[in-house]
Amino acid sequence: MNVLKNDPLVLPPLLSDAANSESALKKFLNGLAGVDKVGVEERVAKLGTRSIKTTAKAEGIDLAIRMIDLTTLEGMDTKGKIKTLCAKARRPDPQDPNVPSVAAVCVYSDLVSIAKENLSGTTIKVAAVATGFPAGRVSLAAKLQDTSDAVSQGADEIDMVIDRGAFHEGRFLDIYDQIQSIKQVCKSAHLKVILETGELKTYDNVKKASWIAMLAGADFIKTSTGKVQPAATLPVTLVMLQAIRDFEMATHRRIGMKPAGGIKTTKDAMKYLVVLKETLGDKWMNPDMFRFGASSLLNDLLMQRQKMKNGAYSGPDYVTVD
Amino acid sequence: MVFEYAPAPESTKIVNLKSNYDLFIGGKFVKSKSGSNYKTINPATEEVLAEIIEASQKDVDEAVKSARKAFKSWSKLSGSERGKYLYRIARIIQERSRELAVLESMNNGKPIRESRDIDIPLVAAHFFHYAGWADKLDYAGLGKNPQALGVAGQIIPWNFPLLMLSWKIAPALAAGNTVVLKPAETTPLTALLFAEICQQAELPDGVVNIITGAGQTGQYLVNHSDIDKLAFTGSTEVGRLIAQSVSGTNKKVTLELGGKAANIVFDDAAMDQAVEGVVNGIFFNQGHVCCAGSRLLLQESISDDFLNLLYERMKTLRLGDPLDKNTDVGAINSASQLAKIKELSESGKSEGAQMWSAPCEIPNKGFWFAPTVFTNVSLSHRIAREEIFGPVLSVLTFRTPDEAIEKANNTPFGLSAGIWTEKGSRILEVAHKLRAGVIWANTFNKFDPTSPFGGYKESGYGREGGRHGLEAYLKAGK
Amino acid sequence: MSNLDVKRTAKLFIGGAFPRSESGRTYEIFDKNKKFVANVALASRKDARDCVVAARSAFTKWSEATAYNRAQVMYRVSEIMQGRREQFIEELSYWTKSKKEAEKEVDEAINRMVWFAGWSDKLAMVTGSNNPVAGSFFNFSVPEPTGVVATIAPEKSPLLGLVETIASAIVSGNSVIVIASETQPLAAVSLAEVLATSDVPAGVVNILTGSYKEIAPWLASHQDVNALDLTGVDKKSIAQELENQAAINLKRVLRPNTKLDGLTRIKTFLETKTVWHPRGF
């Protein structure tokens, strides 16, 4: 299952120059085709009408469960909380052993070792948010320290945040450099770069930030921390998926995608899978290439799964609240 | 395949099909005086849906007579009362929208997603918009106290059966006219259901009359001496005949005819939205759209990249059962239309253009044509000049804005055009220079009751929609 | 010493030039007392064809001119008409009952030109619209000229009727080919001279003298003409035939005996263009 493996990033000539200098990067980003807001939103609205029923829904639910980064990112997180979360990650539905495990648990960096312990013997990954999550307003040294702490505890994946202040100041190369530095510290851990699209505000910015992250070596690009509204949206996800597609066409390198925050219902999740399938195709329809950053989504998926199995609607008392 | 969509067919139970339909004249369904019958089918299955009357000269006379009789009181009714009837109709259409959508898709072959999300909501919106005009005619642009024209003969096409009905009937009634409407030969069913809606709304008898039939019935209507206004949407060929038929008469005419729209993509366009706009421009409603973006004009510097994106996008188009909620491309409306599309596509091949079709599985029964792109097309090819009225895109390239405009305008048609660029001044200049009645910039195939629609040159004359559309059914007061 | 008058040769007005008919033909015109007045060029179908070429090539520039510019050019026409007032009166007087009647027509014609000139930069305000569509789009409709308009000017009121047909077409940016009054063409010949000296770009107005019955069918069927104004057609069967011919390329047709106010007349030769654009950051 460990396919999250891209060879060391070697960019084709046209792109390798893109980040040679501040001005080169700016020029490159400004040369990207624009994004029309109405058009993007219209496209996802249309895709949102796809009717996912019976076999497709059953398959979609299990796939969505397998794609979840089951997340807890609270100041009051405790060892106990992480422990129950890991139990839930391993066996989401105690009544039904056929329910697959989630892809990963996502925790603050100081709790990585607890999560690792509780997931030993499984293929479930431990992802750690790092780099001064969620605002990222700490020194690069602190970000690097935060990251290497998580990595040394055994984090499989690092979810870093970009410097949105730098983005709005136009210091794109600083963002690029930071991502590269973090990537080095990650060693073999996979790097998800959180753009915090809710603070980038426009689709054009989302596209530019996606490219900065991909050029700098991100394995995944991720919409949001979950701490800023709006978090993940379908149109933002579509824009990022299209950037991923363009990047693949240019480099033959496949970048993963993680919408995070605000995806709460099975219906939402199905829409994301539809957008994913019709934008990037089957190659991305697996947990190695797509994740949902979510917590409450899992229980809704489980209830829908129970409904499909038993024919009757389930209720919150029939799923666990871990 | 991962996450393959399961069939999601819309139920047809909501539709109460009768085996036979009569004519709707004077507020009642009446038998034909002397007409013969024909069968209307579902183009996706070739199953017979119902028997329809081919109205005769006598039937048309009756319908016109009934409209004339109703005109006296309808035109004298206060605008606010007329408006309330139209509001009623709009509301009933909303209430019965699912039924109308399903029936439309059954009779026309268009995907339920489109009839449900586009056609029927726009139908209701048209009636709602014009309802509000009925008591505000002084602001139509013809000065105080403008007058209705009288009896309007209206002939509509099969591509948007109920939507075209609403474009015709709503402004006509708001202005105080009465109508005799003939739906297209192959798609009469929603018009006949609309007749029921008129009854439900208690619209006065004879204000709306619906006669079914083919070209001959249409001719009776066009040539009827007691018609004051003719409104036709359809081919330029028939539009020309109508223009000839009314010469020397006092009949006012609006014609909404064919097109061969250029969809111009510049190198700085928002690419993904442009691809989507091109797809929507030509594959919406199987390309059975007079304003379809059937000529893609690509700036040469981006043509390869753009076409790659377009082909990838087209591979995801889902062709099949129009009633399946996940269908993007439905059935071609008739065997004869399919033959025409095939014939023109063959000409494209034989004239040296390169044909690429999306890899769709074609159902065994019914009329189908896979979304198709022709490259290496030059302006002299038939597929670049003639309206195909099907899901066939002809791709041409250009180097400069002037060349794009020149090529776009190089057609006897002038209905619509598309422009894709992120540069505002370029949009406005290109829009200004295109000789077409509807310009979609960074979008395509958008319709709204407030937005005037209609063509330049051989795409017809007169406008439908908004205040301009109302004017077409009025004359200045005395 | 006697001083012999230098008589004017009445020629056609095509593309800003004053050619004789390519056919070399002329016809005689007579005043109300059947007295010979002048020989006038008898235009042929080839002259009509040349007019269409001239009008088409002038259309782009004229329709692209600013509305303010078109208004000034047309106002300038009225200024020069005013300067030639006496000449116009004299020319009309051959046929009017009284000189007073001629004066009235000339003054009205000048006023009419001024009135139409003023419409140039108001048309878009009055006939255009901003359409509140149900979605995130900016949508507007603007009037645009339909293109090349072929016109048969009225036989009677040879100046006022002529000014009306020309001015209502060109004010929005159309170019015109006008067939002047057959029996009373002198004012048209003079108006051509006015136009030639008043900043109207060559080809925007082209004036033919002769028989509309002979020339009009060629214009009605011409594929590069966009609209046909039948105002001056006095015979129903001919009007019908011309309208029938006009259908060949779906020309906009103004039927004879149509009662129109000036603005509606202008609108007959307008297209409405609707432009959509999305709104969003």
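Above this text you will find the structure in question.
Everything quoted here is computed from the prediction, not taken from an experiment.

Draft legend 1. Representation of the sheet that holds strand β9 (residues 252–254) of chain C. All names here are of chain C. Reading across the sheet, the five strands line up as β7-β6-β5-β8-β9 and stay open at both edges, with parallel pairing between neighbours. Two strands close off the open sheet at either side, each with one partner strand: β7 (205–208) and β9. Here the strands of the sheet are splayed against their neighbours by 15 degrees on average, with no regard to which way each runs. Here strand β8 (residues 227–229) runs beside β9; their pairing, made up of three bridges, is parallel. For Leu228, the partnering residue across the bridge sits in β9 and is Val253. Lying on the sheet, helix α6 (residues 160–170) is in contact with β5 (148–152), β6 (175–179), β7 and β8; it crosses β6 at an angle near 160 degrees.

Draft legend 2. Representation of the packing of helix α4 (residues 54–66) of chain A against helix α14 (residues 296–310) of chain A in the model. Residue and element names in this part refer to chain A. Closest axis-to-axis distance for the α4/α14 pair is 10 Å, and the angle between their directions is 145 degrees. α14 is crossed by α4, and the crossing has left-handed handedness. Contacts between α4 and α14 pair Thr54, Lys57, Ala58, Ile61, Asp62, Ala64 and Ile65 from the former with Leu298, Leu301, Leu302, Gln304, Arg305 and Met308 from the latter. Taken together, the residues of the contact of α4 with α14 sort by class into eight nonpolar, two polar and three charged.

Draft legend 3. Structural detail: the pairing of strand β5 (residues 190–194) of chain A. Residue and element names in this part refer to chain A. Most of β5 is tucked away: five of the five residues are buried. Going residue by residue along β5, you find His190, Lys192 and Ile194 tucked away on one face and Leu191 and Val193 tucked away on the opposite face as well. Pairing of β5 with strand β6 (residues 220–222) involves three bridges; the strand directions are parallel. Bridge assignment links Val193 to a residue of β6, and that residue is Ile221.

Draft legend 4. Representation of the interface of chain A and chain B. In this assembly, 31 residues from chain A lie in contact with 27 residues from chain B. Linking chain A with chain B are 11 residue pairs in polar contact (both at pLDDT 80 or more), by the criterion used here. Of all the secondary-structure elements, those providing two or more residues to the side of chain A that touches chain B are α3 (37–47), α4, α12 (234–251) and α13 (266–279) of chain A. The element best represented in the side of chain A that touches chain B is α4 of chain A, accounting for six residues. Considered class by class, the residues forming the side of chain A that touches chain B number 11 nonpolar, eight polar and 12 charged.

So, how was this worked out
- Residues numbered from 1 in each chain as written.
- Chains lettered and ligands numbered in written order.
- Predicted model: local features only at pLDDT ≥ 70, side-chain atom pairs only at ≥ 80, totals over all residues.
- Heavy atoms only, no water.
- Pairing = 2+ DSSP bridges.
- Helix = DSSP H or I, 4+ residues; strand = E, 2+ residues; numbered from the N terminus.
- Axes fitted to C-alpha atoms, helices over the stretch in contact; angles between N-to-C directions.
- Contact = heavy atoms within 4.5 Å.
- Left-handed = near helix turned anticlockwise from the far one by under 90°.
- Nonpolar A, V, L, I, M, F, W, Y, C, P; charged D, E, K, R; others polar.
- Buried < 20%, exposed > 50% of the residue type's maximum accessible area, 1.4 Å probe, protein only.
- Polar contact = N/O pair within 3.5 Å; in protein donor to acceptor, adjacent residues only side chain to side chain.

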